[in-house]
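Results of the structural survey
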Amino acid sequence: MAMRQTPLTCSGHTRPVVDLAFSGITPYGYFLISACKDGKPMLRQGDTGDWIGTFLGHKGAVWGATLNKDASKAATAAADFTAKVWDAVSGDELMTLAHKHIVKTVDFTQDSNYLLTGGQDKLLRIYDLNKPEAEPKEISGHTSGIKKALWCSEDKQILSADDKTVRLWDHATMTEVKSLNFNMSVSSMEYIPEGEILVITYGRSIAFHSAVSLDPIKSFEAPATINSASLHPEKEFLVAGGEDFKLYKYDYNSGEELESYKGHFGPIHCVRFSPDGELYASGSEDGTLRLWQTVVGKTYGLWKCVLPEEDSAELAKPKLGFPETTEEELEEMTSENSDCIYSSTPDVKA
Amino acid sequence: MQTPVTIPVPVLRLPRGPDGFSRGFAPDGRRAPLKPEVPQIQECPIAQESLESQEQRARAALRERYLRSLLAMVGHQVSFTLHEGVRVAAHFGATDLDVANFYVSQLQTPIGVQAEALLRCSDIISYTFKP
């Protein structure tokens, strides 16, 4: 019996989710942070989507959020002209870094010693987190607001994207090494350290470039404007989402569209694969995050596999959840203490 | 051509959402804090108290003024400015304990008049009324 994707919806935000990031894999699993226009970024357990806590303190929409590798720290970029660094275990605010305009993007180095920020003031800033009082180093050159800034090449270089360009900078000399021009607005950028691959989305295109030389590797066209894309850690698949509310999954090698999923009630703003590649998360204008399985039907996190032989017996038994049921009905059926969702005989559509 | 019959992948439960009354980061959660909290160094207690009590008095006064302003609004026509440049007008009814929602009636929206409605305060940027 073929299995159909059951996305897991993480509710809690009251406004569009504009950015999300996963941590690395830690002894406690991996974690997910979401940036939201409601100003309250949230930390969740990465494999289940369970809410852990909300970082309270920003006074404006949070445009960017990131976790460091071991998920001990979080950083957020907001419309209140500040970037903040948080203790991701206690939820406490550690540092507020004042900027001169809306901050859009934040990224930790591998060792969590430096934080890169970028925003509408068109400057890249590098803060030494061990010396929070010191002035940050600034890199200028962008001619429009910076949307995304990332460390790359083992933190020796910086990649930054504004509306129409992607630029590569050398960290030590703080100078521009190379740049790419686009005639359409760049909507997102992702950096894959293993293989030094850069994923850039613009218009309906999902493009892959070398993060070292910025030379193009390949690109695919999607059926609709894409706002974000993510490459699987093993580089077998990529997922993308955008203005038609759908998630698309492509084979990276052939470019073939493998699957597409409806589910969100608004444009998708961000998509990211988990560090183990078993699931991907999408954040949308509808204020929700959804978790999707990479391999549909596999037992992982909250998804529980049903073996083919057990099918006919399983269908009549409880312990099944169905996406046709509205979220409210599912909420009523689950209680805090129960592990299973009980339902009557399923309504199988032919 | 018949589409293949598929069953959705079963789930154990839905992801847990925020509890609605705290910011989370449970101290007994998976990742307990590594060191106990350092007790705050006590400054000169008397000077500290008076500064604190002044602040507290100011806060209480401001809070009382705000609550009285809400009382004064009851039954009046209020104009709300919401996100994305949306403006709506309504008769103010009441607010809940945390001032998280405003209960209004005769809400004038771009798609018609809603007899009764709840406005989420997180959606409101500002509001104004004439007493």
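Residues numbered from 1 in each chain as written. Chains lettered and ligands numbered in written order. Predicted model: local features only at pLDDT ≥ 70, side-chain atom pairs only at ≥ 80, totals over all residues. Heavy atoms only, no water.

For chain B, an unreviewed UniProt entry supplies the name Gem-associated protein 7 and the organism Callithrix jacchus. Under Sequence similarities (unreviewed entry), UniProt gives the following word-for-word description of chain B: "Belongs to the gemin-7 family." (UniProt positions renumbered as here; feature names shortened; annotations may be inferred.)

Chain A is annotated in an unreviewed UniProt entry as Serine-threonine kinase receptor-associated protein from Callithrix jacchus. The record in UniProt for chain A states the following under Sequence similarities (unreviewed entry): "Belongs to the WD repeat STRAP family."

**Some details on the sheet that holds strand β15 (residues 148–152) of chain A**
The strands making up a sheet associate through backbone hydrogen bonding, with each pair oriented either parallel or antiparallel. All names here are of chain A. Taken together, the four strands give an open sheet; going across it, the order is β15-β16-β17-β18, and neighbouring strands pair in antiparallel fashion. Looking along the sheet, the strands with just one partner apiece sit at the ends: β15 and β18 (175–181). For this sheet, the mean inter-axis angle between neighbouring strands, taken without regard to orientation, is 20°. Examined bridge by bridge, strand β17 (residues 165–170) and β18 share six bridges and lie antiparallel to one another. Note on β18: the bridge partner recorded for R167 is S179. (Pairing = 2+ DSSP bridges. Helix = DSSP H or I, 4+ residues; strand = E, 2+ residues; numbered from the N terminus. Axes fitted to C-alpha atoms, helices over the stretch in contact; angles between N-to-C directions.)

**What about the UniProt feature "domain: Sm" (unreviewed entry) in chain B?**
The UniProt entry lists residues 65–131 of chain B under the feature "domain: Sm" (unreviewed entry), expressed in the numbering used here. End C-alpha atoms of residues 65–131 of chain B are separated by 14 Å, and the span's content is 13% helix alongside 58% strand.

**Overview of the pairing of strand β21 (residues 205–210) of chain A**
Put simply, side chains in a regular strand alternate between the two faces of the sheet. Residue and element names in this part refer to chain A. Taking burial as the measure, the six residues of β21 include six buried ones, the bulk of the element. Here strand β20 (residues 197–202) runs beside β21; their pairing, made up of six bridges, is antiparallel. Across the sheet, V199 pairs through a bridge with F208, a residue of β21. Counting the residues in the hairpin turn of β20 and β21 gives two residues, including G203, whose phi is positive at 55°. Where β21 and strand β22 (residues 216–221) come together, five bridges link them in antiparallel fashion. Bridging from a neighbouring strand, A207 pairs with S219 of β22. Between β21 and β22, which follow one another and run antiparallel, lie five residues, and L214 among them has a positive phi close to 65°. (Buried < 20%, exposed > 50% of the residue type's maximum accessible area, 1.4 Å probe, protein only.)

**Things to note about the layout of surface pockets**
To find the voids left in a structure, one rolls a probe of water-molecule size over its atoms. Residue and element names in this part refer to chain A. What the largest pocket holds in volume is close to 1000 Å³. Counting only elements with at least two residues in the lining of the largest pocket, the list comes to β3 (17–22), β7 (62–67), β11 (103–108), β15, β19 (186–192), β23 (226–231) and β27 (268–273). Counting residues per element, the lining of the largest pocket draws most heavily on β15, at five residues. Looking at side-chain class alone, the lining of the largest pocket contains 19 nonpolar, 10 polar and 10 charged residues. No fewer than three residues from each of domain 1 (16–181) and domain 2 (185–294) sit in the lining of the largest pocket. (1 Å grid on protein atoms, 1.4 Å probe; cavity = no way out; pocket = protein on both sides within 12 Å on 5 of 7 lines; lining within 4 Å. Points joined across faces, edges and corners; volume = space filled by probe spheres on them. Nonpolar A, V, L, I, M, F, W, Y, C, P; charged D, E, K, R; others polar. Domains from an automatic or database assignment.)

**Re the pattern of salt bridges**
Evaluated as defined, the whole model comprises 20 salt bridges over all chains. With a shortest N-O distance of 3.5 Å, A:K131 and A:D128 are connected by a salt bridge. Among the residues examined, A:D128 registers a relative accessible area of 18% and is labelled buried. A cluster of three or more residues bridged by salt bridges with shared partners is formed by A:R15, B:R120 and B:D123. (Salt bridge = Lys/Arg side-chain N within 4 Å of Asp/Glu carboxyl O.)

**Here's the deal with the side chain of A:R272**
Mapped onto the elements of the fold, A:R272 is located in strand β27. A polar contact of 3.4 Å, which involves the side chain of A:R272, links it to the backbone oxygen of A:A229. (Polar contact = N/O pair within 3.5 Å; in protein donor to acceptor, adjacent residues only side chain to side chain.)

**Let's talk about the pairing of strand β8 (residues 73–78) of chain A**
All names here are of chain A. When you tally the buried positions in β8, you get five out of six residues, the bulk of the element. As paired strands, β7 and β8 are joined by five bridges and run antiparallel to one another. Bridge assignment links V62 to a residue of β8, and that residue is A78. Taking the residues that link successive antiparallel strands as the turn, the β7-β8 hairpin has five residues, and the phi of A71 there is positive, at about 55°. Summarising the sheet, β8 and strand β9 (residues 82–87) pair through five bridges and their orientation is antiparallel. Bridged to T76 within β9 is K84. Counting the residues in the hairpin turn of β8 and β9 gives three residues, including F81, whose phi is positive at 70°.

**Notes on the sheet that holds β3(A)**
Residues and elements named next belong to chain A. The strand order across the open sheet built from four strands is β3-β4-β5-β6, with neighbouring strands paired in antiparallel fashion. In this open sheet, the two strands that pair with only one neighbour each are β3 and β6 (51–54). Between one strand axis and the next, the sheet turns by 20° as a mean value, whatever way the strands run.

**Comments concerning the packing of aromatic side chains**
Residue and element names in this part refer to chain A. All told, the structure shown has 14 aromatic pairs over all chains when counted by the stated rule. A ring pair is formed by F22 and Y30, whose centres lie 5.7 Å apart and whose planes are at 65°; its orientation type is edge-to-face. Each of the two residues, F22 as well as Y30, counts as buried. Each ring, one from F182 and one from Y202, has its centre 4.7 Å from the other, and the planes form 50°; the classification is tilted. Of this pair, F182 sits in the loop between β18 and β19 while Y202 sits in strand β20, and the two are 20 residues apart along the sequence. Joined through ring pairs, the aromatic side chains of F208, F220, Y248, Y250 and Y252 make up one cluster. A cation over a ring is seen here: K218 above Y252, with NZ or CZ 4.2 Å from the ring centre. In this arrangement the basic side chain of K249 is found over the ring face of F237, its NZ or CZ atom lying 4.4 Å from the centre. (Phe/Tyr/Trp six-rings, centres within 6.5 Å; stacked < 30°, edge-to-face > 60°. Lys NZ or Arg CZ within 6 Å of the ring centre and 35° of its normal.)

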